[in-house]
Structures are given as C-alpha cells and as structure tokens.
Amino acid sequence: MEDIAAEDTQSFNANSDICQQLLTRYARSSAAQHRHLCATAAATRDIIQSSSLPLTPISYFAATITSLSDSENLDSNALGALTSFLAIVLPLVGRGEINPEKAGESVRILVTTVEENGNLGTSGVRAVVKCVGVLVAEFCNSNEWDSVALGFEWLVKFSLDKRPKVRKCAHDCFLTVFKSFESSAMLNKASKSIYLLLKDQMPLAKEMTTSEIVDGAKSEAMSKPEHQNFLYLLNVTKHVVQHLSPKIRVKILSQLLKILGSHFSTMTRHIFDVISAIFEISGADVIISNAEEIFGSLVSYISSRENNPVDSVLFAANLAKTALAKLHDGDINEWTTYFAMLTESLAGLLSSNGDVALQISIILRELIDHHIDGKSLLTIESQEREDETTQSAEFKAMETTCTTFYNVLSASAQIPNEHFFSLLAFLFVKLGRVSDVFMKPILLKLADLVNASSADASEIKTLQDCIGSAVAAMGPEKILALLPISFSAKDCSGSNTWLIPILKKNIVGSSLQFFMEHIIPLAESFEKGTHKVKKSVIRRDLQAYAHGCWGLLPAFCHQASDTSQNVRALVKLLIPFIKEGSFMLEIIATALQELVNENKSALATDPESVQLTEVQRTEIHDELAMDPDTKSSHSRKIARKNIKALALCAKKLLQPLISVLFQSPPETRKHLKGAIGCLVSICEASVIKDIFIASLKKFKLLDDIREHGEVESDTDGSANEKESRGTNAKRLIILDLASCIIEGSDSDLVDLLFSVIKCALKASDEVGQIEAYRTLSRILETHSWFCSSQFDVVMDLFTGTKSSANVTLLENRFACLQTLLIHALMRNTDGENTQAFLILNEIILTLKDSSEEGRKAAYDALNGISSKLRSSSDASSDGLYHKLITMITGYLSGPSPHIKSGVVSVLSVLVYSDPDICTKTPDLFPAVMELLHSKAIEVIKAVLGFVKVLVSSLKPSDLHRFLPDIVDGILRWKSVHHCHFKTKIIVILEILMRKCGSPAVKAHAPEKYKDFMQSVVLNRHGKGSSKEAESKDTILEHSDSSLGGQQKRKREDSSATASKEEDSSRPWKRKMERKQNAGTESDLKHRAKHIERRLMKRQGNNSNNNNNNNIQTPNVTSKFNKHKKQATGGRN
C-alpha cells in the first residue's frame, strides 16, 4: 500500500463521492493494493448508505475510524487498505467538522492500531502517522497539552524510527504540529518535552564519544539502534530548534557542548548542525551565557585539526566566527579575548594546501574586517603607547593577532603560500598608517625573506605584492624608515634596492618634498658610486639603481599631498634635466601629466571630492580600492590651489619641453607631446600663442603662411625640391606642436593653426598631410565654434585636396569628415544640403573604388557617424539621423549602377549596426527592394547582401512585416547563375525559415517556386548533425558582396545540398562550380574585377557619374536636382 499512502489528496475532490473517484481511478488496475483499496471504499460506502448518511468526507472518516477501532480480526491487507483509505479521506474533512474530543479519541484508536498490530506494513504505519499528524495539528485543541500530548509524543517517537519513509513522514508531521502551537505555554511544554528526551540520551552520547575515541569503532557504534536513534533525535532537534523557547535553546546548547569533544566522532556533524541552527536565531544573550564553553570547545576542535576532517574544522571555524560576531554586536568587551583565541587557532591552518588555506584566509579576513575598526586605531599616531587608549582591549586584540601571524611566518621553513600573503596584505590595508605600530616585525621578516629568497618568480611576486600593500597603506616615508635604501661606499653596493620597483608600483598620496629631500640624494649617491667602480657589471647595477630612484617621480606625483607648496622647487630641479635631453625626459613628462590630469579631473567632477586611486595602474590589491580610509582624495579647493601653482610654472616648463620636442626623433615625442598638452591646458591662451609664433619664427615658416594661409608657389620646380623637403620636415614638427596646444588655444591661435594645416594639406608630403588631418580633426571636435564659423572654408579646402590611397591618411581625412557631416546636417535641417552630399559622395566612392583597407576606413567612418548621431543626448539628433538615412537612400534613384551598389553597401553597414532603421524609416526597405527589378549584376549582388544582413539582424517579430517582399523579391533571381545568386538566396531562405518558420516563408512564395521552396525545406531538415547556415557574418562580408565578388563567400553545406537536385541534369554546371570552389581567393577577386571592368566599360561612354571627381547626388526632388547642377557644374 506504499503508493496508496503517498497519494496526493489534492487530486481528490471533497465535494464528490470519494468511493466513486477511487473506483474510477483504480477499477481496471490489476494491482492487489488497488483492489483492496476499492473494496474497502465500496464496503465503507455501503455502511454509510445503510445508515442513510450523506457520502461526505466526514461520513467516510467516521465509518473508517469505527472499523479501525475493532480491527483485531482484520488481516494485514484489510488493515493496510483501511489506513490508506483513511489517509486519503482525512485531509478532505473540513476544519471544525471533527471536535477536539473525537479527534483525541481517534488519535488513541490509531496509536492502538499500530501498537497492537505488529503485522502492519511500512505503508500502513506511514498512513497512520500522517493521519495522527493531521488530527493533532488541525482538530485537537492546540491550547490544551492533554489534548495533543499523546499524538505529539507518538510523532516524536516515530521521528526516530529506523524505516526512512516512516521517519520522514513523522518528522514532517511533527514539525507541522509544533508550528501549530500558538500559546507560549504550549511551546514551553513541547520544548521541555524535546529537551528532556535529549537530556535522557546524554549518557548514551557520552558513551558513543568515549568508545570511538578509545577503539575507533565508528562502524560498530553506528550499528547499534540506540546510537542511531540519538543521531535521529539530533536531526529532529536541528529542524525544530527555531520553534523552541529561548530558555530551552540555552539548555540544549549547554548539553551539546558537553558532548562535543576535540576529536571527530559520528555525532560531530549533527551537533554542529544543531549549534549552527541555535546561533542563527539567537541573540548575544544565548552566546554570553555559554561563551566560555562555546569558544573553548570550538577552538579545541579547530586546534586538533590533524585528527579531524577538514570540512568539519572549517564548519567549526565558521561557527566560532558567528558566535564572536554576536558578542561583538552585543557590545560585549569579552569578544577581544575570544578573538585572539580564535585567530591563533586558525592561523596554523594557513599553511595548509589548496582550498583549505583559501577558506581559512577568507574567515580570518571577515573576522578582522568585522571586529577591527581602523579609524579608531588612527588615534594611536598622536598618542603615547602607554596611553589608556592604546592599551584598550581592541588594541591588545590586534597586537596579539599580529604576533600570531608573525609567529606563523617565523615558524615556516619555506615561503608561505599566496593566501597567507593575501591575508597580510589585507591586514596592512585595514590598519593603514598605523600598520607600523602592529606589523613592524612582520614587515621586517618579509624583507628578510626577499633578501634570502631563492624561490621561483611567482612566489617572489606574491611576496612583493604583499610588501606593496604595506607601501600603499603606510606610505614610503615609514617604509623607508624601517627598510632604508642606501649606498655603501665601502663595497659600492646598495641595500634593499629590490624595494625600488615595489615603491614605483604602489606609492599613493606621498609628498614631493620627501622625494626631493630623500630620493634625489639617494639617486645622486648611486650616480657618484658609478664613477668609483671599475667593474662594468657593478657600474651598470648602480646606474640602474640611480635611474630607478629617479623613476619614482611619477609615483610621488600621484595624488601628491603637497603639490601647491613644493611644485615650484621641483620644477627648478627638473628644468636642467629637460634642457639636457637626458634619460629623465620620459619620467618628467609622465610625472607632469600625473600632476595636471588628476587635479583637472578633481575640478571637473564632484564638487566635494573625487577619488583618484588608480588601482590597476599602481597594482595595489583589490582591498585597497575598497577601503575608503586608504584612498587619497583631492577636494576642489585643493585641486584649484594645485592647478594655480602648476599654471605659474607651466611657461618655465613649456619652453624647454618644446625645444626638446623639436630635437627629438618622432618615436620619442609621444610623452613629450602629452606633457606639453597638459601644461597648455592650464596656461593662458596668450602665452601659448606667443610660444607658437616664436616656434614658427624659429623655423622661418611665417613667410610660408600668407594672410589666408596660402602656400607660396614653387616656380623653380626641381631646383627647390631639396628646400621643399626641408620645409615639409619643419612643418611636420610644427604640426606635432600644434596637436599639443589645441585644447588651450583661443580663436586667434586656432585660426593660425588652421593656416598651418592648410599649408600642409596643399603640399605634396603625405606624412605632413596625415598629421594635418589628425590635428584638424581634433580642432573640429574640441572647438565647435570653429566648425560653425569656418565650415565653408574647411569644405572648400577638402574639395580642393584630393583623397589618397594611403590608408592612414584616408582614416584621418574621414575623421574630419565625420564631424563635418554631422555639422552639415545640423546646419541645414530643412533645405537641401550640398556639402553633406559632397561628403557622402566621397565615402560612397571609396566603398566602391578603394582597396580593402580603404573600404574598411569608409565603413568605420559611416559607423562612427551613425553611432554619434544615435548616442547623442541632443533631442534633435534623431531627426538628423533620419535625415542622413533619407539622404543616403536618395542616391538609389540615380542612374549609375556603380553608385547604387555602393549605396546599398552603405545601408547594409547601417542596418547591421542599427536594424531598427528599416522600421523607423519606412521608405528605406521598399527603395532597396525595388532595385531587384534592375538588370545590373553588381546592384543585385549588393541587394542580396543587404537582405542577408537584414534578415540576420532583425528580430523574428519585426521580420514578419518584411517577409512577403523579401521572398517575392529574391526568388525571381534564383535561376540566374552569375555570382552564385542561387546559393545566396538559399542561405537567406534558411535564415528566414529558422526565424519565422518554414510554413510562413512558403506561404509567401509564388506558385511557380513551390517545388524549389520544398527542396530548401527538405534539405534544411535533412542536414542531420551538420550546422545550419550562419545567421550573421561579419559586416565586411555582408557589404563586400556588392563589390564584384572581391571576398570569397563561405559555402554552407545546405547551399550545396539545395542546389543538387536542380543541377543533376546539368553536369557541365557542377564541373564549373567545382572549378570555382577550388580557386583561390585571389582568383575570385581577379574574376570579379574583370566582370566589373566590363560593366564599367559598357556604361562609361554614356554617363559621367562614375568619375571620382564628379559629384553624384540623388534625385530627391526636382528642385534639388536644379540646385545640384548649379553647385557641381563648375567642378566637372
């Protein structure tokens, strides 16, 4: 009857006859238990009907319980059927239909039935247990102990039963009954009942522990029923402990701690589970009353780790951590004593291998983070050690903990693992500036390990990172006081020089004064030492130490605490190095950028403060980034003072920096340009202008620039070629300087810069043109006013200068055109926009006629324009974006297939980055699909590429609206064998079928293509384990489909399979395709270009639109066509 007893009573309807429901369900079953159940139900129904009672659940219950009260003559099958039937009926009885007296009597009948019938099987006992649970929880008087006592104690008894299913059922019913008690009196009595039962088992528990320790007979202990029952009792206690009264919980905790030994036993995990449940719901009062026993037992168990399983030790550690947190949160001073005990016991586990050390380090971190307040310890710096504050309990706890870690470090025969060092790093960061008070011995020991280490690189790096955390927390001043870097003139050697790279990575918020007073003299001592030694190896080492000390300058500039006070003195020291052009140039340039940029950032952001810690740059541990006490910050007030002081020194620095820039080779100018740009950004514009004009005079370039920036004519041709090369080189250097000073320039200086740019663009030097375009791009982005006031002049300049095959030059030219096109759209929002069409025309022609790198530059430009318009917060940007799309779409009405295919490629790029444009711009999709009526092969290729991008990018819900036009449009080209049209169409159809479903796609196909569609469907489903056609290629692959086959397409397995049937009657075609597939990519490009040349030759005599110098504009309106002819007629 096991399955019957487990019947889900919710599947039965209390408003229908239960007997009939059972007969309907099991009448045809041949199982014996089902037949017995149906017979019992039918007999019970006859009894009810004979008494003229309604066939309700309460009637079935009364008749069944009456039958069980006289069960002496029933066999096991009949008894099991009765109990199973009762377990189905009783949950259907409504609340209040059984009064408490009858419920109590029913419980006694059920208990007696089980006690007096030893032949009742497991399913029968489980059914009775379920019924007793329902009666006690729902029908007995939950406010009178006598009403529930029998059922409650009987459920507890069977919660310890050896049969798992009976035990589980009794356990669940027992918890339900316990939760039903609402009065405190009932809870107290129920709790006391559990406690007394547990207390009675204590002698047995001690016997189990003693026997296991003596002879280790765990298996024998487990085999004894009474021992197993105690484990079951612990399991019951764990689940019910949250419902027990607080007083009983304390007593149970005390009893369990008495039997928790320092060695693992069969009961240990069960005891830990109960203690954990008690800790979870108890406050500090429960922990306080048993604190000594709790920490004594747990620490003892942790300390005996060699004899105990690792997982149990970790569990005990977490229990102790939870108990300590409750003591601390309860403001109990005794926590400091137990904190030291616990950390000492856990520290020994840090030397363990693998995951154990990691878990212990995490526990110790959490302990330190929760209990140690770094802010309160900061007062130690200003007080004597004997002061009462420094001798507080928290101080002593921290001191003891650090001593413990030092002892572990000293006792280790080898370098500890990374988890130990990670914990020390965390402790350094937590203590911050007072780390030297507690962790001085640890730091010195770490230094000894570095000096004596011969370990591998990974261990040394972990050790150095730990010391780096100490540097970041304590500051270089205290670190170097404990671990001084020095030069010994006696043996010409350095001590603690390994500390130099660690300082460079981890210094934050130090002072410039300390650098000048301690680091510079140290560097000079190493430099002097190089002159005293004869061995080249030692000389190189000393030189490296000296350079390393100088290399600390950027680190000391990072959030320097005394910038405004000492930057002038620092600049005075640095200027001679700049003028000499020494190895210090890059170091000085980096340091100046650090000083300027962080203070500018502080002024540009939050008015109160700005966090400037660059954790990745300094390689400080993550915990340093998370601890606000270790971060330096600049308020706006401090940053303003710093910037003012830096601005006063900027002119003194700029002159030597610019002089060195002019003399440096191009590869070394990067850092110098960065430093010059930073200083220029905080200078007055007049100072910058004077410096720039002086530079022009120095190179005699002022005469090269006329009033409007015209280039003087070269009349001598080859005679002046050498002079021209020299001028170009000078102009390139000036453009380098110009790119640095853009941010701090005023309108007059920007105009002067533009004059230099015009000269460079009109010269024949491509290197100079690249730098000119790059500088102009920055001007257009930085100074929007210039773009507005000089827009026509800039456009005339671009019209007068030809594009180039040089990819770098093309990229920088397109960078300018991006800004100009956006401004052109903003400038003329209502009327026609000739300048915008000029820019678009150049980009489109580049897509068609350029190399692969050139096309990529054009694609990037289009994506950049689209992205800027879509991401702009300006409310008008959406309108400008739609206007751009409309302008591009207008090109589709032109006569040139060459231009049309290029425009479709442009639209493919835009659709790939923003699929929604087809829904936002309703005219775009029909305009492109209309081109499928064209006879130009390159246009059809481009359109098929566009369709593939579209179907790959759109969501299925958006794709359905375009489905009819796509299917009808592409199928007409499936019989054309040029350029693998059929293959492309099959790929598109497969993507459509995958997204929209085959029936939907087939429904839109004309009747004459039904067979072809069916073959695509069959081949798609017949691929087996092969992959489907790719739904999305890269954007260049999609767009290059319109470029005469210049890039080889991937061949999906489905494509070859789909065309197999049609080609079976044409072996010559299969032979040709095999030959094509075997060709190299270069062969495909060659054939594609050949086809394109033939098409271009056919169109060349009839149209001038294919000339790159000819501006093709779309036929948007007749009015615009007239304006277009006037605008472009002079350039043809």
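Residues numbered from 1 in each chain as written. Predicted model: local features only at pLDDT ≥ 70, side-chain atom pairs only at ≥ 80, totals over all residues. Heavy atoms only, no water.

A.B. asks: Just checking my understanding: could you explain the overall build of the chain for this structure?
C.D. replies: When its secondary structure is counted, the chain shows 61 helices and four strands. Buried residues in the chain amount to 52% of all 1132 residues. For the chain, long-range pairs separated by at least 24 residues make up 73% of all intrachain contacts whose partners lie at least 6 apart in sequence. (Helix = DSSP H or I, 4+ residues; strand = E, 2+ residues; numbered from the N terminus. Buried < 20%, exposed > 50% of the residue type's maximum accessible area, 1.4 Å probe, protein only. Contact = heavy atoms within 4.5 Å.)

A.B. asks: I tried to follow the state of the cysteines on my own but got confused; where do I start?
C.D. replies: Defined simply, a disulfide is a covalent bond joining two cysteines at their sulfur atoms. Scanning the entire structure with this criterion turns up zero disulfides. In this structure Cys 169 is a free cysteine whose sulfur lies 4.3 Å from that of Cys 173, the closest cysteine sulfur available. The closest cysteine sulfur to the non-disulfide-bonded Cys 816 is located on Cys 787, 9.9 Å from its own sulfur. Overall, Cys 816 belongs to the buried group, its relative accessible area being 0%. (Disulfide = S-S within 2.5 Å.)

A.B. asks: Help me out: how do you make sense of the packing of helix 23 (residues 418-431) against helix 24 (residues 435-452) in this one?
C.D. replies: For any two helices packed against each other, one specifies the crossing angle of their axes together with the interaxial distance. Close contact between helix 23 and helix 24 brings their axes to 10 Å; oriented N to C, the two are set at 150°. Overall, the two elements helix 23 and helix 24 adopt an arrangement that is roughly antiparallel. In the packing of helix 23 onto helix 24, the handedness of the crossing is left-handed. Side by side, helix 23 and helix 24 meet where Phe 421, Leu 424, Leu 427, Phe 428 and Leu 431 of the first sit next to Ser 435, Phe 438, Met 439, Ile 442, Leu 443 and Leu 446 of the second. Broken down by class, the residue content of the contact of helix 23 with helix 24 amounts to 10 nonpolar, one polar and no charged. (Axes fitted to C-alpha atoms, helices over the stretch in contact; angles between N-to-C directions. Parallel < 35°, antiparallel > 145°, perpendicular 65-115°, else oblique. Left-handed = near helix turned anticlockwise from the far one by under 90°. Nonpolar A, V, L, I, M, F, W, Y, C, P; charged D, E, K, R; others polar.)

A.B. asks: Looking at this model, I keep getting lost on the packing of aromatic side chains. Mind explaining?
C.D. replies: Note on aromatic pairs: each is described by the distance of the centres and the angle between the planes. Inspection of the entire model under this criterion finds 29 aromatic pairs. Between Phe 152 and Phe 181, the ring centres sit 6.0 Å apart and the planes meet at 45°, which makes this aromatic pair tilted. Of the two residues, Phe 152 is situated in helix 8 (residues 145-158) and Phe 181 in the loop between helix 9 (164-180) and helix 10 (184-200); the sequence distance between them amounts to 29 residues. Residues Phe 152 and Phe 181 agree in their burial class; the two are buried. Residues Phe 272 and Tyr 301 carry aromatic rings whose centres are separated by 5.3 Å and whose planes lie at 90° to one another, so their mutual orientation is edge-to-face. One end of the pair, Phe 272, is in helix 15 (residues 268-281); the other, Tyr 301, is in helix 17 (residues 291-303), and 29 residues separate them in sequence. Take Phe 272 and Tyr 301: they sit in the same class, and that class is buried. In this arrangement the basic side chain of Arg 25 is found over the ring face of Phe 12, its NZ or CZ atom lying 4.4 Å from the centre. (Phe/Tyr/Trp six-rings, centres within 6.5 Å; stacked < 30°, edge-to-face > 60°. Lys NZ or Arg CZ within 6 Å of the ring centre and 35° of its normal.)

A.B. asks: Would you take a moment to explain the packing of helix 24 against helix 25 (residues 457-474) for this structure?
C.D. replies: For the pair helix 24 and helix 25, interaxial distance at closest approach is 11 Å and the crossing angle is 150°. Here helix 24 is positioned roughly antiparallel relative to helix 25, judged by the angle of their axes. Crossing handedness for the pair helix 24 and helix 25: left-handed. Where helix 24 abuts helix 25, its residues Ser 435, Asp 436, Leu 443, Leu 446, Leu 449 and Val 450 lie against Leu 463, Cys 466, Ile 467, Ala 470, Ala 473 and Met 474. Partitioned by chemical class, the residues of the contact of helix 24 with helix 25 number 10 nonpolar, one polar and one charged.

A.B. asks: Looking at this model, I keep getting lost on the side chain of Thr 563. Mind explaining?
C.D. replies: In this structure, Thr 563 sits in helix 31 (residues 563-580). Those residues in contact with Thr 563, other than ones at most four positions away along the chain, are Leu 512, Leu 595, Asn 642 and Leu 646.

A.B. asks: Whenever I open this one, the environment of Thr 846 confuses me. Can you help?
C.D. replies: Within the secondary structure layout, Thr 846 lies in helix 44 (residues 834-849). Under the relative-accessibility criterion, Thr 846 is labelled buried at 9%. The spatial distance from the C-alpha of Thr 846 to the C-alpha of Ala 858 is 6.5 Å, given a sequence separation of 12 residues. With sequence-adjacent residues up to four places away left out, Thr 846 is seen in contact with Leu 810, Phe 814, Gly 854, Arg 855 and Ala 858. A polar contact of 2.7 Å, which involves the side chain of Thr 846, links it to the backbone oxygen of Glu 842. (Polar contact = N/O pair within 3.5 Å; in protein donor to acceptor, adjacent residues only side chain to side chain.)

A.B. asks: Which parts of the structure should I look at to understand the pattern of salt bridges?
C.D. replies: Two side chains carrying opposite charge are able to pair once their charged atoms lie near each other. Tallied over the full model, the rule gives 18 salt bridges. A salt bridge links Asp 465 to Lys 461; its shortest N-O distance comes to 3.0 Å. Remark: Lys 461 and Asp 465 occur in helix 25; sequence separation between them is four residues, near one turn of the helix. The class for Asp 465 is partly exposed, based on a relative accessible area of 23%. Taking the relative accessible area as the measure of exposure, Lys 461 reaches 46% and is therefore partly exposed. Arg 774 is the salt-bridge partner of Glu 771, the closest N and O atoms lying 2.8 Å from each other. Placement of the pair is Glu 771 and Arg 774 together in helix 40 (residues 766-782), with a separation of three residues, close to one helical turn. Since its relative accessible area comes to 8%, Glu 771 is described here as buried. (Salt bridge = Lys/Arg side-chain N within 4 Å of Asp/Glu carboxyl O.)

A.B. asks: I'm lost on a positive patch on the surface in this one. Help?
C.D. replies: Judged by side-chain charge, Lys 192, Lys 199, Lys 206, Lys 247, Lys 251 and Lys 258 come together as a positively charged surface patch. Breaking the positive patch down by element, the ones donating at least two residues are helix 10 and helix 14 (246-259). It is helix 14 that contributes the most residues to the positive patch, three residues altogether. Examined against the element boundaries, Lys 192 turns out to sit in helix 10. (Patch = residues over 30% accessible without salt bridge, like charges linked within 9 Å, V, L, I, M, F, W, Y side chains within 5 Å. Areas by Shrake-Rupley, 256 points an atom, 1.4 Å probe, with all protein chains shown as cover. Lys, Arg positive; Asp, Glu negative; His and termini not counted. Charge placed at Lys NZ, Arg CZ, Asp CG, Glu CD.)

A.B. asks: So what exactly am I meant to see when it comes to the nonpolar core here?
C.D. replies: Soluble globular proteins tend to pack their nonpolar side chains together in the buried interior. Counting residues in each nonpolar core, the largest one holds 353 residues, and the members touching the most others are Phe 405, Leu 446, Phe 692, Phe 946 and Ile 966. Considering each element in turn, this core owes the most residues, 12 residues, to helix 35 (residues 636-663). Those residues within four positions of Phe 946 in sequence are excluded, and the remaining contacts are Val 904, Leu 907, Ser 908, Val 911, Cys 918, Leu 924, Phe 925 and Val 928. (Core = buried A, V, L, I, M, F, W, Y, C linked by side-chain atoms within 4.5 Å.)

A.B. asks: It is not clear to me how the confidence of the model for the chain should be interpreted in this structure. Could you clarify?
C.D. replies: Put simply, the chain has an average pLDDT of 80, and 80% of its residues get 70 or more. Confidence drops under a pLDDT of 50 for residues 707-719, and excluding neighbours within four residues, the segment shows 15 contacts in the predicted structure. (pLDDT = per-residue confidence, 0-100.)

A.B. asks: What is the right way to look at unusual backbone geometry in this model?
C.D. replies: Working note: non-glycine residues mostly have negative phi, and peptide bonds are mostly trans. Its identity as a non-glycine residue notwithstanding, Ser 52 has a phi of 60°, on the positive side. Looking at the element boundaries, Ser 52 is found in the loop between helix 3 (32-50) and helix 4 (57-69). The exposed category is assigned to Ser 52, whose relative accessible area is 66%. Here Lys 700, not a glycine, exhibits a phi torsion of approximately 55°, which is positive. Residue position: Lys 700 is located in the loop between helix 37 (685-698) and helix 38 (721-740).

A.B. asks: Please clarify how the environment of Leu 358 should be interpreted in this entry.
C.D. replies: Counting through the fold element by element, Leu 358 comes out in helix 20 (residues 355-371). Classification of Leu 358 as partly exposed rests on a relative accessible area of 31%. Sequence separation between Leu 358 and Leu 423 is 65 residues, and the spatial gap between their C-alpha atoms is 9.6 Å.

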